[in-house]
Amino acid sequence: MALLKETDFGTPKVKAAEQVTLEIDGHTVTVPKGTSIMRAAKEAGIGIPKLCATDMVDAFGSCRMCLVEIDGRKGTPSSCTALAEEGLVVKTQTDRLAKLRRGVMELYISDHPLDCLTCPTNGDCELQDMAGAVGLRDVRYGYAGENHLDLKKDESTPYFTYDPSKCIVCSRCVRACDEVQGTLALTIEGRGFGSRVATGADDFFSSECVSCGACVQACPTATLAETDLIEHGVPDRTVLTTCAYCGVGCSFKAELKGDQVVRMIPYKDGKANHGHSCVKGRFAWGYATHKDRMTKPMIREAITDEWREVSWDEALTFAAKRLKDTQAKYGRKSVGGITSSRCTIEEVWVMQKLIRTAFGNNNVDTCARVCHSPTGYGLKQTFGTSAGTQDFDSVEEADVIMIIGANPTDAHPVFASQMKRRLRAGAKLIILDPRQIDLVKTPHIKAAHHLPLLPGTNVAMINALAHVIVSEGLVDEEFVRERCELDAFEEWKSFILDPVNAPENVAKIAGVKAEEIIAAARLYATARNGAIYYGLGVTEHSQGSTMVMGMANLVMATGNIGRRGVGLNPLRGQNNVQGSCDMGSFPHEFSGYRHVSDDAVRESFEAAWGVGLDNEPGFRIPNMFDEAVAGNFKAIYVQGEDIAQSDPNTKHVEAALTSMDCVIVQDLFLNETARFAHVFLPGTSFLEKDGTFINAERRLGRVRPAMKSKTGLDEWQVTTRLSEALGYKMDYRGASEIMDEIAALTPTFQGVSFRRLDTEGSIQWPCNDAAPDGTPIMHVDGFVRGKGLFILTEYVPTEEKTNRKFPLILTTGRILSQYNVGAQTRRTDNNRWMEEDVLEIHASDAEVRGIRDGDWVAIRSRKGETTLRAKVSDRMAPGVVYTTFHHPETGANIVTTELSDWATNCPEYKVTAVEITPTNHRSEWQQKYELETPKMRRVKAHAAAE
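Cut-offs and rules
Residues numbered from 1 in each chain as written. Predicted model: local features only at pLDDT ≥ 70, side-chain atom pairs only at ≥ 80, totals over all residues. Heavy atoms only, no water. Patch = residues over 30% accessible without salt bridge, like charges linked within 9 Å, V, L, I, M, F, W, Y side chains within 5 Å. Areas by Shrake-Rupley, 256 points an atom, 1.4 Å probe, with all protein chains shown as cover. Salt bridge = Lys/Arg side-chain N within 4 Å of Asp/Glu carboxyl O. Lys, Arg positive; Asp, Glu negative; His and termini not counted. Charge placed at Lys NZ, Arg CZ, Asp CG, Glu CD. Helix = DSSP H or I, 4+ residues; strand = E, 2+ residues; numbered from the N terminus. Phe/Tyr/Trp six-rings, centres within 6.5 Å; stacked < 30°, edge-to-face > 60°. Buried < 20%, exposed > 50% of the residue type's maximum accessible area, 1.4 Å probe, protein only. Pairing = 2+ DSSP bridges. Arc of directions from axis to C-beta. Contact = heavy atoms within 4.5 Å. Axes fitted to C-alpha atoms, helices over the stretch in contact; angles between N-to-C directions. 1 Å grid on protein atoms, 1.4 Å probe; cavity = no way out; pocket = protein on both sides within 12 Å on 5 of 7 lines; lining within 4 Å. Points joined across faces, edges and corners; volume = space filled by probe spheres on them. Nonpolar A, V, L, I, M, F, W, Y, C, P; charged D, E, K, R; others polar.

Caption draft 1: Spotlight on a negative patch on the surface. A surface patch of like charges, here negative, comprises Glu477, Asp487, Glu490 and Glu491. In terms of residue count, helix H15 (residues 486-496) provides more of the negative patch than any other element does, three residues in total. Residue position: glutamate 490 is located in helix H15.

Caption draft 2: Focus on the packing of aromatic side chains. Per the counting criterion, the structure on display carries 25 aromatic pairs. When the centroid spacing of 5.4 Å and the interplanar angle of 90 degrees are considered together, the rings of phenylalanine 160 and phenylalanine 204 count as edge-to-face. Placement of phenylalanine 160 in strand S5 (residues 160-162) and of phenylalanine 204 in the loop between strand S7 (196-198) and helix H5 (214-218) is noted, with a sequence separation of 44 residues between them. Across the pair, exposure class does not vary: phenylalanine 160 and phenylalanine 204 are buried alike.

Caption draft 3: Layout of the pattern of salt bridges. On inspection of all chains with the given rule, the structure shows 64 salt bridges. The residue glutamate 314 makes a salt bridge to arginine 308 at a minimum N-O spacing of 3.2 Å. The exposure class of arginine 308 is partly exposed, given its relative accessible area of 34%. Residue arginine 721 is joined to aspartate 313 by a salt bridge in which the shortest nitrogen-to-oxygen separation is 2.4 Å. Separated by 408 residues along the polypeptide, arginine 721 in helix H25 (residues 715-726) and aspartate 313 in helix H8 (residues 312-330) bring together distant segments of the chain. Exposure remark for aspartate 313: the relative accessible area of 48% places this residue in the partly exposed category.

Caption draft 4: Layout of the sheet that holds strand S4 (residues 89-91). On the basis of which strands lie adjacent, the open sheet formed by four strands has the order S2-S1-S4-S3 and mixed pairing. Across the chains shown, the open sheet's two edge strands, defined by having one partner strand only, are strand S2 (27-32) and strand S3 (69-70). Bridge analysis of strand S1 (residues 19-24) against S2 gives six bridges, and the strand direction is antiparallel. Directly across from valine 20, in S2, lies its bridge partner valine 31.

Caption draft 5: Representation of helix H21 (residues 599-609) within the structure. Looking only at H21, the buried set comprises Val601, Arg602, Phe605 and Trp609. Angularly, the buried residues of H21 cover 95 degrees about the axis, an arc narrow enough to put them on a single face. Exposed residues on H21 whose side chains face more than 90 degrees from its buried face are Ala600 and Ala607. Buried residues in H21 make contact with helix H9 (345-357), strand S23 (589-590), strand S24 (594-595) and helix H26 (735-745). Looking one or two residues past H21, glycine 610 carries a phi angle of roughly 70 degrees, positive in sign.

Caption draft 6: Region of the structure containing the sheet that holds strand S21 (residues 530-534). The parallel open sheet is built from five strands, whose spatial order is S20-S17-S16-S21-S22. The strands lining the two open edges of the sheet, one partner per strand, are strand S20 (449-451) and strand S22 (568-570). Across the sheet, the mean angle separating the axes of adjacent strands is 15 degrees when strand polarity is ignored. When strand S17 (residues 428-432) meets S20, the two strands line up parallel, connected through three bridges. Bridged to leucine 432 within S20 is leucine 451. Contacts from helix H12 (residues 413-424) reach strand S16 (400-404), S17 and S21 within the one sheet, and its direction differs from that of S16 by about 140 degrees. Sheet contacts for helix H17 (residues 514-526): S16, S17, S20 and S21; angle to S20, the most-contacted strand, approximately 125 degrees.

Caption draft 7: Broad picture of the pairing of strand S10 (residues 251-257). Where burial is concerned, most of S10 is hidden: six out of the seven residues are buried. Note: strand S9 (residues 237-242) against S10, six bridges, orientation antiparallel. Each residue of the ladder has a partner; that of threonine 242, found in S10, is serine 251. One ladder, built from six bridges, connects S10 with strand S11 (residues 260-266); its direction is antiparallel. Residue lysine 253 lies in a different strand from S11, and its bridge partner there is isoleucine 265. Hairpin connection between S10 and S11: a loop of two residues separates the two successive antiparallel strands, and glycine 258 in this loop has a positive phi of roughly 65 degrees.

Caption draft 8: Representation of empty space enclosed by the protein. Counting across every chain of the model gives 12 cavities of 30 Å³ or more. Reported here for the largest cavity is a volume of approximately 600 Å³. Around the largest cavity, the lining is made up of 39 residues, and of these Leu536, Glu540, Thr812, Gly813 and Lys910 lie nearest the centre. Mapped by element, the contributors of at least two residues to the lining of the largest cavity are helix H11 (408-411), helix H18 (536-539) and strand S31 (808-813). Ranked by the residues each element gives to the lining of the largest cavity, the list is headed by S31, at three residues. Along the lines of polarity and charge, the residues of the lining of the largest cavity split into 16 nonpolar, 16 polar and seven charged. There is about 180 Å³ of room inside the second largest cavity.

Everything listed here is a matter of geometry and, on its own, says nothing about what the molecule does.
Below, the structure is given as structure tokens:
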């Protein structure tokens, strides 16, 4: 479409039932009570000149451009701060107002560079527009006096420039940082003529600014301008799409000139992000055109050979023959595949369909195995469905927010900003996390309780919270009687009252004071609305599923489910990890979480697909590795995941991949897994995809191609062509037809289509005859399973124990600037914020080991050793260390174990016993990696291309 300019109504929309009617320039206007006159006018199609006002932030009333006259009142109030009232008669255009506005505009222009022809926002500048709107033709004050025109630019950040010579001190950037982002990194320094935007540091890059882009988006001039906009000029067309990073699922306007993306602007009508963004979605999209992108298929006989570029036909024929030969030699179940949480649901659908039909087995899994599979299991057992209960907006009505094992400001920053707005408005915060995450104490926010429990003690802690609630009579008895299975509740109640679950006992296990546990439990249980948000610090444990069920027990016992402001909400890590699970990517389930042994369900798929399907669950990812090492599993097709970097016990994963006869990797880059591959099938970036992502709130968001596929094929077409080469034909004319098949075979998606998504923007499943408009809040009148089920959650300590040889506990996580295994973000300027993974260690632990900040240290576990740089930090408690896994050469998963959740095999990334010692050399694995990796990635020169 042509460049989409969204209407700016000047002030935010008001949510109020009561309406008022007024007259503006002779037009009768009815709006919710509390609406500004400026917004009321704009909704009636009447524009009032403005500079300091924008509907991103609350009214400020400083620019004096939006003055109006109101019959019966003296003066000329600012329409952005004056509220619409019943019976008002407002004039927005009079000779008096015109004179006042021109005078104000003259003052602005007298201290502003008149370089419009060379300005990067020429044609897209509000100051320029307003000068025209007020009819400014002359500036009487001249330019000879003191001005700000020679102020130095700040070009410290890689993504935008701050040019103070163009600043009109409207404070929009400051207010956006405060009200939208919640970082409070900007301020107005000085007074009067000396006023200017300041960061509290030498420049933007060294300040607390997180480069979310809110300030840039709010700026009405070129004071804050995107680097790409400066380089390429104002874009001329827009494609609406969905971000391909975390599970928030932000809607964006990809703005282009021709086939070149100039900038990504968060879409105001995006129901997950409401016009906000983070540094990754807003700026870190350059990986899509990075020089490392592989756009040609490649094959090789052995992983020690050079890669050879070939045509699509040759690559797919080669792959199909290898797969057929493997099955002929080792059996039907000797091959399998892994679907991607970064691909669209349509691409995932055809992938799992390929495995079930062309492969003839259920050996399909997805990355949720190593992150949120316990969420799926635990929520299905207790509530009846494997997904979060709320939409993101629900947090706006929460009175107490409990965050368990999640770091929203780093991993889900846009939702974190929404959460912070609620916390600044008065909601209380409880954090259960071994690490002192930012939300423990940040500007204008301080957690009421931070429970820094020892890694591995989650279940003991949730039981202790429940013990307090039950023993002190804080259970919502009415809710439990009406909505839950009473026999199960009574059994759970007896179990939870056991003294072993008392805070005094759990305090010794978890390392948290009993009085803190008691106070946190009381705060949550007595809240009008209590909401729980959790992440991988819950699921990536040997008792991950137990912990999910423990949280569900707590939610049901307090009645905090089935309405706004409450619920149990997993913060999903990747953009489509919810969708990949929904599409039937687990070896035991078809789409919609229906078991493969269910004859009726399986027969519906057999009828649609025209082939018999296996009724036995296939291998999970860890089973695939184990069977590969044992010599029984010999081929794997990996779609858009990097298991050699992301999965635990790297040496075991590498041994499994090395032992296979056929490894097929489909990705944007020659990733770590591709070192062991025989076939490389180039994938498409989100800017080339046509389809759908599903975010953490079950929201289907459209992904639309902004540019042509750089590989010549859509990614789903690659899979269907491989399927045809294997002997099973899939016939789709486009991604919309794949969605139609999903809807036809999946009851929870029955009412979904591209047409509806294109019309309505997004839909939250279930969407069917029972819920034709989708389902923002789950379990409103009853649980999906009928009655909620309380389940006993006995605390079982992990097998991974510290001892004299390995006295510290390693836990892992993410950082704001990087994403997952870093394949995308490492190929952007986000690397300037984090060039390497580091090991956070408490000062006391560092001191006894002779470690100083910045030293190289060896980290050893029972499984392996790697080397990182130490960062002495008080974020961790003594005895606990922390690192990230964004850089492959770090080898963080060399040291993690294969211990996993008892129900789902989700790896126990969060608890590894280690020792840390100073070192002056890389580990043996790192040395081998540095030596062998270039050889395993070599591409034959002058290769034949299609």
